[in-house]
Amino acid sequence: MRFYGTEIDSRLMLGTAQYPSPRVLADAFRRSGAGIATVSVRREAGGERAGSAFWDIVSDLGVAVLPNTAGCHSVREAVTTAQMARELFDTNWIKLEVIGHADTLQPDPFGLVEAARYLTEDGFKVFPYTTEDVVLAGRLLDAGCEVLMPWGAPIGTGLGLTNIYGMRTLRAQFPDVPMVVDAGLGLPSQAAMAMEMGYDAVLLNTAVARAGDPAAMAEGFARAVEAGRLAFEADPMEPRDMAAPSTPVIGKAFLT
Amino acid sequence: MKITINGTSTDVQADTLAMVLEELGYGAAKVATAVNESFVPMALRGQTALAPGDRIEIVTPRQGG
């Protein structure tokens, strides 16, 4: 699939945080087949060199990198973080997070649109972390975003798709916009459901990194994403209320 | 002069951003910088003069979701 004109082989995107070790992170990426890794920027003391060590690990994954503005609560903070990330990672892609609520990590819709517009004008390709709100989605597209990343549930909760009606509406409203379900997924079945609904990809982190066996869970999600996509492309049957026999009725032996 | 580096008050001799990075041991490390909440590109660090009380952020690649 394509994001801002760049072809990506996989419909699974994976975060790089919270793994028990760099080796487990690398194993999880390998078995997930993920095509994009999310990363962040954080403070470093002189002589520490932890950033360089982490960068070496990410470079070895051989995937595209999507830096985030995680933890930013204001437009200014998000913009400056994005600009620092662009220089560090040498990419104009940015996963834009402008957080509006500390407990739910819900995006601040007003700040998000303002930051998206500013960054787009500054040459960024913005991947906005947003909600399932269709009005907000429209505003983000107006601001120049060509991808939307609605949450399934609040970050790190593993609750899955908590507003299925809203997710269906959003997908139906903008059928041609690449959409990634970002955040809140906990199980492969939830990822499959998102893909069956026509979402283009999913972004995971906690569900994989915090599993007892992150690499196995990564592969589980990869299969679910593939299964869900196949189902979507296969044009699923319409559900119905009453039973309909699948075995032919005609020709049944008449036995009493 | 006293400036704030990543939230910590720090005494430095140098008076440009590039020299402060050198002084504090960042050397050739992969870092990005901001002064008083505004991004300063690598190419401009040498000509970015610092004043007492300036707030410097120095960041590197890290794990993220």
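The name that an unreviewed UniProt entry assigns to chain B is Sulfur carrier protein, with the source organism given as Jannaschia helgolandensis.

Where an unreviewed UniProt entry is consulted, chain A appears under the name Thiazole synthase, with the organism given as Jannaschia helgolandensis. UniProt lists a comment for chain A under the heading Sequence similarities (unreviewed entry), and it reads "Belongs to the ThiG family."

### Notes on the sheet that holds strand β8 (residues 149-150) of chain A
Residues and elements named next belong to chain A. Pairing is parallel in the open sheet, where 3 strands are placed in the order β6-β7-β8. The open sheet is flanked by β6 (93-96) and β8, the only strands paired with a single partner. Where strand β7 (residues 125-130) and β8 come together, 2 bridges link them in parallel fashion. Residue pairing for β8: Tyr 129 is matched across the bridge by Met 149.

### Observations regarding helix α1 (residues 22-32) of chain A
Residues and elements named next belong to chain A. Within α1, the full set of buried residues consists of Leu 25, Ala 28, Phe 29 and Ser 32. Considered in projection along α1, the buried side chains sweep an arc of 100° and stay on one side of the axis. Of the residues in α1, the exposed ones pointing more than 90 degrees away from the buried face are Arg 23 and Arg 30. Structurally, α1 contributes buried residues whose contacts are with β3 (12-15), β4 (36-43), α2 (50-61), α8 (206-209) and α9 (214-233).

### Focus: the interface of chain A and chain B
Between chain A and chain B, the contact holds 32 residues from the first and 29 residues from the second. Taken together, the two surfaces of chain A and chain B that pack against each other cover about 2,400 Å², and 53% of this comes from carbon and sulfur. For the chain A face of the interface with chain B, the top three residues by lost area are Arg 43, Glu 87 and Leu 88 of chain A, together amounting to 28%. Taken together, the links from chain A to chain B amount to 4 salt bridges. Taking the shortest distance from any N to any O, the salt bridge between Arg 43 of chain A and Glu 57 of chain B comes out at 2.8 Å.

### Things to note about the environment of Asn 36 of chain B
Of note, Asn 36 of chain B is situated in the loop between β3 (32-35) and β4 (38-40). In sequence terms Asn 36 of chain B and Arg 55 of chain B are 19 residues apart; their C-alpha atoms lie 4.9 Å from each other. Once residues within four sequence positions are removed from consideration, Asn 36 of chain B is found in contact with Arg 76 of chain A together with Asp 54 and Arg 55 of chain B.

### Some points on helix α7 (residues 188-196) of chain A
It helps to recall that an α-helix has 3.6 residues per turn; residues three or four apart then point in one direction. The complete set of buried residues in α7 of chain A reads Pro 188, Gln 190, Ala 191, Ala 192, Ala 194 and Met 195 of chain A. Tucked inside the fold, the buried residues of α7 of chain A contact β9 (180-182), β10 (201-204) and α9 of chain A.

### Remarks on the UniProt feature "binding site: 1-deoxy-D-xylulose 5-phosphate" (unreviewed entry) in chain A
Residues and elements named next belong to chain A. Here, the residues flagged by UniProt with the feature "binding site: 1-deoxy-D-xylulose 5-phosphate" (unreviewed entry) are Gly 156, Ala 183, Gly 184, Asn 205 and Thr 206. Annotated residues spanning 51 residues; largest pairwise C-alpha distance 9.2 Å, indicating a single compact cluster. Position of Gly 156 relative to the elements: it lies in the loop between β8 and α6 (164-173). Of note, Ala 183 is situated in the loop between β9 and α7.

### Quick look at the packing of α7 of chain A against α9 of chain A
Residues and elements named next belong to chain A. Packing of α7 against α9 brings their axes to within 7 Å, and their N-to-C directions diverge by 25°. Judged by the angle between their axes, α7 and α9 are roughly parallel. Note on packing geometry: the crossing formed by α7 with α9 is right-handed. Contact residues: Pro 188, Ala 191, Ala 192, Met 195 and Glu 196 in α7; Met 217, Gly 220, Phe 221, Ala 224, Val 225, Gly 228, Arg 229, Ala 231 and Phe 232 in α9.

### Considering the nonpolar core
Burial of nonpolar side chains together is a common tendency in soluble globular proteins. Among the nonpolar cores identified, the biggest contains 79 residues, and Phe 3, Leu 12, Met 13, Leu 96, Val 126 and Val 202 of chain A are the most heavily contacted of them. Among the elements that make up this core, the one with the highest residue count is helix α3 (residues 75-89) of chain A (8 residues). Ignoring sequence-local partners within four residues, the contact set of Phe 3 of chain A consists of Ile 8, Met 13, Ile 36, Trp 93, Phe 127, Val 147, Pro 178, Val 180 and Ala 201 of chain A. Counting residues in each nonpolar core, the second largest holds 15 residues, with Leu 17, Leu 21, Val 31 and Leu 50 of chain B among its members.

### Remarks on the pattern of salt bridges
Proximity of charged atoms lets side chains of opposite charge pair with each other. All names here are of chain A. According to the stated counting rule, one finds 15 salt bridges over all chains in the structure shown. Residues Glu 7 and Arg 2 are paired through a salt bridge, measuring 3.0 Å at the closest nitrogen-oxygen approach. Arg 2 gets classed as partly exposed once you look at its relative accessible area, which sits at 49%. Taking the shortest distance from any N to any O, the salt bridge between Lys 95 and Asp 182 comes out at 3.2 Å. With Lys 95 in strand β6 and Asp 182 in strand β9, the pair connects residues that are 87 residues apart, well separated along the chain. There is no split in this pair, since Lys 95 and Asp 182 are both buried.

### Some points on the packing of α3 of chain A against helix α4 (residues 109-121) of chain A
Residue and element names in this part refer to chain A. Axis separation between α3 and α4 bottoms out at 9 Å; the angle between their running directions is 35°. For α3 against α4, the interelement crossing comes out right-handed. In contact with Val 75, Val 79, Ala 82 and Gln 83 of α3, α4 contributes Gly 111, Glu 114, Ala 115, Tyr 118 and Leu 119. In terms of residue class, the contact of α3 with α4 is built from 6 nonpolar, 2 polar and 1 charged.

What counts, and at which threshold
- Residues numbered from 1 in each chain as written.
- Chains lettered and ligands numbered in written order.
- Predicted model: local features only at pLDDT ≥ 70, side-chain atom pairs only at ≥ 80, totals over all residues.
- Heavy atoms only, no water.
- UniProt positions renumbered as here; feature names shortened; annotations may be inferred.
- Pairing = 2+ DSSP bridges.
- Helix = DSSP H or I, 4+ residues; strand = E, 2+ residues; numbered from the N terminus.
- Buried < 20%, exposed > 50% of the residue type's maximum accessible area, 1.4 Å probe, protein only.
- Arc of directions from axis to C-beta.
- Contact = heavy atoms within 4.5 Å.
- Buried area = accessible area lost by both parts, 1.4 Å probe.
- Salt bridge = Lys/Arg side-chain N within 4 Å of Asp/Glu carboxyl O.
- Axes fitted to C-alpha atoms, helices over the stretch in contact; angles between N-to-C directions.
- Parallel < 35°, antiparallel > 145°, perpendicular 65-115°, else oblique.
- Left-handed = near helix turned anticlockwise from the far one by under 90°.
- Core = buried A, V, L, I, M, F, W, Y, C linked by side-chain atoms within 4.5 Å.
- Nonpolar A, V, L, I, M, F, W, Y, C, P; charged D, E, K, R; others polar.

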